[in-house]
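Close look at the chain arrangement
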Amino acid sequence: MKLLTKQITQTALLLSICILSQFFKNLSVYITGPIINICIILAVLMIGLGSGVILSIVTPLTAFFIAPSPIMSGIPLIMPCVMIGNSILAISVWVFQKKLQMSTVSLRVIIGIIIGAIFKAVFMGVTIILILLPLFNGNISVPAQKLPILLETAKVTFSITQFITAFIGGIISYIIWLRIKNIKN
């Protein structure tokens, strides 16, 4: 997984877009989420799997420092789950784009995005909602009366919302990729 200077620069540019979008995290996850997923998917399609995985790992860290949430602060094990979920999306897109020999590349990319979005949401739903939240919800420092509401919001955020934002990001990244994929490097 050797990255060239050009690939490092392109990855850094996509990371800067991710970081900028994270300042809008408190405005709406439906703005930040798709932008992060667009950058991860475009990194895989245009630069390579290494770039997509780097963004998958770094973006949850930057999100934590830019706009920390009480859930992530109380249950830091959620962060590696988000990293793995993002990586699942990146790997799925890469496998379908590069490794599978079926129909056209465009169709393979679409299938990779859909399967990646599903697997990402399922992985995060199982690990975060079914395992981490029940085990560690006492570590979240919010008033006791607000904890049930926060936990219900987290259940949606770490499952359905992950699928929706990955799917929206996938559609937008696919459209962008179609427009720029033939540009010479």
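Since the model is a prediction, treat every value here as computed from it, not as a measurement.

Rules used in this analysis
Residues numbered from 1 in each chain as written. Predicted model: local features only at pLDDT ≥ 70, side-chain atom pairs only at ≥ 80, totals over all residues. Heavy atoms only, no water. Phe/Tyr/Trp six-rings, centres within 6.5 Å; stacked < 30°, edge-to-face > 60°. Buried < 20%, exposed > 50% of the residue type's maximum accessible area, 1.4 Å probe, protein only. Helix = DSSP H or I, 4+ residues; strand = E, 2+ residues; numbered from the N terminus. Expected span 1.5 Å × (residues − 1). Bend = angle between axes of the 7 residues up to and from the residue. Contact = heavy atoms within 4.5 Å. Axes fitted to C-alpha atoms, helices over the stretch in contact; angles between N-to-C directions. Parallel < 35°, antiparallel > 145°, perpendicular 65-115°, else oblique. Nonpolar A, V, L, I, M, F, W, Y, C, P; charged D, E, K, R; others polar. Left-handed = near helix turned anticlockwise from the far one by under 90°. Disulfide = S-S within 2.5 Å.

Overall, the coordinates contain 3 aromatic pairs when judged by the stated rule. Taking the centre distance of 5.5 Å and the plane angle of 75° together, the rings of phenylalanine 64 and phenylalanine 65 count as edge-to-face. With relative accessibility at 66%, the residue phenylalanine 65 sits in the exposed group. Taking the centre distance of 6.0 Å and the plane angle of 40° together, the rings of tyrosine 174 and tryptophan 177 count as tilted.

Let us look at helix 6 (residues 105-136). Over its 32 residues, helix 6 extends 43 Å from the first C-alpha to the last, a length consistent with the 46 Å expected when each residue adds 1.5 Å. Taken as a whole, helix 6 carries its principal kink of about 30° at isoleucine 128.

Right, let's get into the environment of alanine 67. Considering the arrangement of structural elements, one finds alanine 67 in the loop between helix 3 (49-66) and helix 4 (70-74). Residue classification places alanine 67 among the buried residues on the basis of a relative accessible area of 9%. Each residue touching alanine 67, except ones within four places of it in the same chain, is listed here: Gln22, Lys25 and Asn26.

Moving on: the packing of helix 1 (residues 5-22) against helix 2 (residues 29-47). The angle between the axes and the distance between the axes are what describe a pair of packed helices. Running from N to C, helix 1 and helix 2 point in directions that differ by 170°, and their axes come no closer than 8 Å. Classified by the angle their axes make, helix 1 and helix 2 are roughly antiparallel. On helix 2, the residues touching Gln7, Gln10, Thr11, Leu14, Ile17, Cys18, Ser21 and Gln22 of helix 1 are Thr32, Ile35, Ile36, Cys39, Leu42, Ala43 and Ile47. Of the residues assigned to the contact of helix 1 with helix 2, the class counts are 9 nonpolar, 6 polar and no charged.

With that settled, the discussion passes to the packing of helix 2 against helix 3. Taken N-terminus to C-terminus, the directions of helix 2 and helix 3 make an angle of 160°; their axes are 6 Å apart at the nearest point. Of the possible angle classes, the one that applies to helix 2 and helix 3 is roughly antiparallel. The interaxial crossing formed by helix 2 with helix 3 has right-handed handedness. Contacts between helix 2 and helix 3 pair Ile36, Cys39, Ile40, Ala43, Val44 and Ile47 from the former with Leu49, Ser51, Gly52, Leu55, Ser56 and Thr59 from the latter. Residue composition of the contact of helix 2 with helix 3, by class: 8 nonpolar, 4 polar and no charged.

Another aspect to go through is the state of the cysteines. Here a disulfide denotes one covalent bond, and it connects the sulfur atoms of two cysteines. Counted under the stated rule, the structure contains 0 disulfides. Looking at cysteine 18, it has no disulfide partner, and the nearest cysteine sulfur is the one in cysteine 39, 3.7 Å off. According to the relative accessible area criterion, cysteine 18 is buried, its value standing at 0%. With relative accessibility at 3%, the residue cysteine 39 sits in the buried group.

Here we come to the environment of proline 68. Here proline 68 shows up in the loop between helix 3 and helix 4. Distance from proline 68 to asparagine 26, taken between C-alpha atoms, is 9.8 Å for residues 42 residues apart in sequence. If near-sequence neighbours (up to four positions away) are discounted, proline 68 is found in contact with Ala63 and Ser73.

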